[in-house]
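# Overview (structure and organization)
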Amino acid sequence: QVQLVESGGGLAQAGGSLRLSCAASGRTVNTYAMGWFRQAPGKEREFVAAISRPGGKFDYLGSLKGRFTISRDNAKNTVVLQMNSLKPEDTAVYYCAAADTYYPGSQLGLYDYWGQGTQVTVSS
């Protein structure tokens, strides 16, 4: 079993950048497919990005392509979400998730492990 802890959230201005990290403990992160999701107040949790096990296949929420990038840092046992050109509508709690399956992609229900989330707030 793996434990996930997100970090790197905070306050950013529109047009700025944030880098979220998801640190894994208990097992190495490259044995899982990994995903990022987000949940804004009053809204359902939505898919942001995913990377397959062991990598090479990626997927993004359509509106985020070109602005967000998911990657692995196996040396640090983390998964990173680089967020550029931030917009106020990106404001949400961002969650890291891990799946035992090869590639659940955007299928929230197929992820087995979740972090506690990190708040991202983008001001206009």
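Residues numbered from 1 in each chain as written. Predicted model: local features only at pLDDT ≥ 70, side-chain atom pairs only at ≥ 80, totals over all residues. Heavy atoms only, no water.

Turning our attention to the nonpolar core. Grouped together as the largest cluster of nonpolar side chains are 30 residues, with contacts concentrated most on Leu4, Met34, Trp36, Leu81, Met83 and Tyr94. Those elements that provide at least two residues to this core are strand E3 (18-25), strand E4 (33-39), strand E5 (46-51), strand E7 (68-73), strand E8 (78-83), strand E9 (92-99) and strand E11 (118-123). Counting eight residues, the second largest nonpolar core, distinct from the first, contains Ala33, Ala50, Tyr103 and Tyr111. (Core = buried A, V, L, I, M, F, W, Y, C linked by side-chain atoms within 4.5 Å. Buried < 20%, exposed > 50% of the residue type's maximum accessible area, 1.4 Å probe, protein only. Helix = DSSP H or I, 4+ residues; strand = E, 2+ residues; numbered from the N terminus.)

Here E8 lies mainly inside the structure; five of its six residues are buried. Across six bridges, E3 lies against E8 in antiparallel orientation. Within E8, the residue paired with Ser21 across the bridge is Val80. Relative to E8, E7 is paired through six bridges, and the arrangement is antiparallel. Within the sheet, the bridge partner assigned to Thr69 lies in E8 and is Gln82. Here E7 hands over to E8 after four residues, with Asn77 in that stretch at a positive phi of 55°. (Pairing = 2+ DSSP bridges.)

A few words now on the pairing of E4. Of all the seven residues making up E4, six are buried; the element is thus mostly covered by neighbouring parts of the structure. The pairing of E4 with E9 spans seven bridges and is antiparallel. By the bridge assignment for E9, Trp36 is matched with Cys96. Direction of pairing for E4 relative to E5: antiparallel, over a ladder of five bridges. The partner of Arg38 across the bridge, within E5, is Glu46. In sequence, E4 turns back onto E5 through a hairpin of six residues, with Gly42 there showing a positive phi of about 80°.

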